[in-house]
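Now for the letters of each chain:
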Amino acid sequence: LTRTPQFHSKASPPPQNNRGFCFQDCVSLLQHLRDHKDLNFGTALHSLFVKTALDKDVFVQNNMIRFYGDIGQVQNAHKLFDEIPQPSLVSWTSLISCYVHVGKHEMGLSLFRGLCRSGMCPNEFGFSVVLKSCRVMCDPVMGKVIHGLILKSGFDSHSFCSASILHMYADCGDIENSRKVFDGVCFGERCEALWNTLLNAYVEESDVKGSLKLFREMGHSVVSRNHFTYTIIVKLCADVLDVELGRSVHGQTVKIGIENDVVVGGALIDCYVKLQFLDDARKVFQILDEKDNVAICALLAGFNHIGKSKEGLALYVDFLCEGNKLDPFTSARVVSLCSNLETELSGTQIHCGVIKLGFKMDSYLGSAFINMYGNFGMISDAYKCFLDVCNKNEICGNAMMNTLIFNSNDLKALELFCRMREVGIAQSSSSISYALRACGNLFMLKEGRSFHSYVIKNPLEDDCRLGVENALLEMYVRCRAIDDAKLILERMPIQNEFSWTTIISGYGESGHFVEALGIFRDMLRYSKPSQFTLISVIQACAEIKALDVGKQAQSYIIKVGFE
């Protein structure tokens, strides 16, 4: 403290206490401690403020609130706020920002309502903070209310607020209002952030026409397209799998000389990987000014997807030889590559390297190792990795269950499911599906019905429903409860090829071959059969000597190229 530089103003010296400490000096030190998230010295400095009566100064109070908020000590920040007799607008805004910063958005909005009830009018910073909460919580209704308050307060012309409003509408998927906000900003005041935020909103909606129109508009504006702009438009090419558009945008990046930028190059690599042009992705990677872990992860994912694990592993070795550092995400990608190799040697070497580097075994990295060891049949090693995962969640739990089921340890998978539930780990749709598969493999119909009851009592989200219903269908078929399986199929709002194939094969295995062919006819009205479906159909035709139906099936097989 005695070495802290002084910032005394010649015009009006800052207030000092009787011990000679200047609060501006202390606040400067507090900023340094906040940047380094040093709680111990921060609380020591707070004690000094209390002893020297500097804690009564509103400037110090506000900075202490910000300090506690930035290091995640929100309760201390709130306690300090409550001790202020008459909190200022800065005090309110600082506390609201603290809660939003740590992800407690509902509390942030609640405090914002308290600020409005206190009679004070929020400033542009306060409005921007709560708009972020609306954006993260995807609450367009509250967002519109705050937008109305901004209009009423006259802050709508402020660039800081207009960008936050547009961002809120964009993240809530409200393109129409996003465009209205954008059009309401004067042409000369539309900054790069506004253009890019609106462009990203169109891309997120996969609106090719709207995205390209806005991209062209930006090209004719006073604002130059930057590398973020091209990154967004490249993402569109990847999302809609448009090869020609992707190459066109790539050509533009070459023309203006940003194709070797790490952000743009990473997006181009990801685009070419999704379009399955691995050679082009590798060429982009080779010319990058800085080959970061994001770019190498995208490229490794491409090699993993097409099954060229050895080439991907060789690329990874070259990446390390160039002096680049590993990180947990890159390690997980490499582990996935090793899972497809014929030998476990590379995978165990990567595991040793991860231990040596001291990486934290989180659920993402742990799941990669669990899956790898599971593919090699090394169950005990997979389970050791599961035990090493800190803060276990449903992701690593599902990976372990899948590994146990894949290696015919179905009973242990069910035991793990029960233990996960006992310790409070969330039961996801994947967990239920794995448990149902284990019940089917063990012919445990009674336990399978219990899981079915759980699914009925706890309705699933629409995007998870099909997977669980297929698992129920498969469980009943394996347990030879074919009538129950038929009821599941009839009640499913959507069936896919797996649903139909499972029930057809189930009827065939139960000796109901005529019924199997009848369901196959029903399937043709809704879904295209796969080669696995057709095998079950041919077997049913053979059993009941249905030669004509068999010939029709053969004609279909030749027509679709499955012969």
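Residues numbered from 1 in each chain as written. Predicted model: local features only at pLDDT ≥ 70, side-chain atom pairs only at ≥ 80, totals over all residues. Heavy atoms only, no water.

A few points about the overall build of the protein chain
Here is step 1: Secondary structure assignment for the protein chain yields 32 helices and zero strands.
Here is step 2: A total of 563 residues make up the protein chain; the buried ones form 46% of that total.
Here is step 3: Residue pairs in contact within the protein chain that sit at least 24 positions apart in sequence constitute 59% of those at least 6 positions apart.
Here is step 4: As displayed, the protein chain has an accessible area near 29400 Å², and 53% of this comes from carbon and sulfur atoms.
Here is step 5: In the protein chain, the 56 positive side-chain charges and the 62 negative ones have mean positions that sit 2 Å from each other. (Helix = DSSP H or I, 4+ residues; strand = E, 2+ residues; numbered from the N terminus. Buried < 20%, exposed > 50% of the residue type's maximum accessible area, 1.4 Å probe, protein only. Contact = heavy atoms within 4.5 Å. Areas by Shrake-Rupley, 256 points an atom, 1.4 Å probe, with all protein chains shown as cover. Lys, Arg positive; Asp, Glu negative; His and termini not counted. Charge placed at Lys NZ, Arg CZ, Asp CG, Glu CD.)

Side note on the pattern of salt bridges
Here is step 1: Summed over the entire model, instances satisfying the criterion amount to 16 salt bridges.
Here is step 2: Across the pair Glu217 and Arg179 runs a salt bridge whose closest N-O atoms are separated by 3.1 Å. One end of the pair, Glu217, is in helix H12 (residues 208-219); the other, Arg179, is in helix H10 (residues 175-184), and 38 residues separate them in sequence.
Here is step 3: Looking at Glu217, the relative accessible area reads 24%, which means it is partly exposed.
Here is step 4: For the salt bridge of Asp484 with Arg449, the shortest nitrogen-to-oxygen distance reads 3.4 Å. (Salt bridge = Lys/Arg side-chain N within 4 Å of Asp/Glu carboxyl O.)

Describing the packing of aromatic side chains
Here is step 1: One pass over the structure, following the stated rule, counts twelve aromatic pairs.
Here is step 2: Here a set of aromatic residues connected by ring pairs shows up, and it is made of Phe112, Phe127 and Phe155.
Here is step 3: For the cation-ring pair, Arg247 lies above Phe277, with the distance from its terminal atom to the ring centre recorded as 5.0 Å. (Phe/Tyr/Trp six-rings, centres within 6.5 Å; stacked < 30°, edge-to-face > 60°. Lys NZ or Arg CZ within 6 Å of the ring centre and 35° of its normal.)

Some words on the side chain of Ser162
Here is step 1: Here Ser162 lies in helix H9 (residues 159-171).
Here is step 2: We classify Ser162 as buried; its relative accessible area is 4%.
Here is step 3: Non-local contacts of Ser162, meaning those with residues more than four positions away in its chain, are made with Asp156, Val181, Val185 and Leu194.

Some points on the state of the cysteines
Here is step 1: Summed over the entire model, instances satisfying the criterion amount to zero disulfides.
Here is step 2: Left unpaired, Cys134 is separated from the closest cysteine sulfur, that of Cys172, by 7.5 Å. (Disulfide = S-S within 2.5 Å.)

A short note on the packing of helix H2 (residues 39-51) against helix H3 (residues 58-70)
Packed helices, taken two at a time, are described by the angle their axes make and the gap between the axes.
Here is step 1: Between H2 and H3, the least distance of the axes is 11 Å, while the angle of their chain directions is 160 degrees. On the basis of their axis angle, the class for H2 and H3 is roughly antiparallel. You can see that H2 and H3 cross each other, and the crossing is left-handed. Counting all contacts with H2, which are made through Leu39, Gly42, Thr43, His46 and Phe49, the residues of H3 involved are Val60, Met64, Phe67 and Tyr68.
Here is step 2: For the contact of H2 with H3, the per-class residue count stands at six nonpolar, three polar and no charged. (Axes fitted to C-alpha atoms, helices over the stretch in contact; angles between N-to-C directions. Parallel < 35°, antiparallel > 145°, perpendicular 65-115°, else oblique. Left-handed = near helix turned anticlockwise from the far one by under 90°. Nonpolar A, V, L, I, M, F, W, Y, C, P; charged D, E, K, R; others polar.)

Some remarks on the environment of Gly119
Here is step 1: Looking at the element boundaries, Gly119 is found in the loop between helix H6 (105-117) and helix H7 (124-137).
Here is step 2: Between the C-alpha atoms of Gly119 and Glu543, which are 424 residues apart in sequence, the distance is 83 Å.

Details of the side chain of Lys291
Here is step 1: If you trace the backbone, Lys291 turns up in the loop between helix H16 (278-286) and helix H17 (293-305).
Here is step 2: Buried and unpaired, Lys291 has no salt bridge, with Glu322 as the nearest side chain of opposite charge at 4.4 Å.
Here is step 3: From its side chain, Lys291 meets the backbone oxygen of Gln286 in a polar contact 3.2 Å long.
Here is step 4: Sequence-distant contacts of Lys291, defined by excluding residues within four places in its chain, comprise Phe285, Gln286, Phe319, Glu322 and Asn324. (Polar contact = N/O pair within 3.5 Å; in protein donor to acceptor, adjacent residues only side chain to side chain.)

Quick word on the nonpolar core
Here is step 1: Within the largest apolar cluster, 162 residues are counted, with the highest numbers of intra-cluster contacts made by Ile146, Ile233, Ile269, Phe285, Leu299, Phe369 and Ile503.
Here is step 2: Those residues in contact with Ile233 that sit more than four places away from it in its chain are Leu199, Ser211, Leu212, Phe215 and Val249. (Core = buried A, V, L, I, M, F, W, Y, C linked by side-chain atoms within 4.5 Å.)

Brief notes about the confidence of the model for the protein chain
Here is step 1: This prediction gives the protein chain a mean pLDDT of 88; 95% of its residues lie at or above 70.
Here is step 2: Across residues 1-19, where pLDDT falls below 50, the model places 25 contacts with residues more than four positions away in sequence or in other chains. (pLDDT = per-residue confidence, 0-100.)

Remarks on the packing of helix H20 (residues 345-357) against helix H21 (residues 363-375)
Here is step 1: One can describe the packing of H20 onto H21 by two numbers: an axis separation of 11 Å at closest approach and a directional angle of 155 degrees. Considered as vectors, H20 and H21 are oriented roughly antiparallel to each other. The way H20 lies across H21 gives a crossing that is left-handed. Each of Gly347, Thr348, Ile350, His351 and Val354 in H20 lies in contact with H21, whose residues at this interface are Leu365, Phe369, Met372 and Tyr373.
Here is step 2: For the contact of H20 with H21, the class distribution of residues is six nonpolar, three polar and no charged.

A closer look at the environment of Tyr202
Here is step 1: Relative to the helices and strands, Tyr202 resides in helix H11 (residues 192-204).
Here is step 2: Accessibility expressed as a relative area gives 11% for Tyr202, which makes it buried.
Here is step 3: For the pair Tyr202 and Gln349, spaced 147 residues apart in sequence, the C-alpha separation works out to 44 Å.
Here is step 4: Those residues in contact with Tyr202 that lie beyond four places of it in its chain are Ile175, Arg179, Asp207, Gly210, Ser211 and Leu214.

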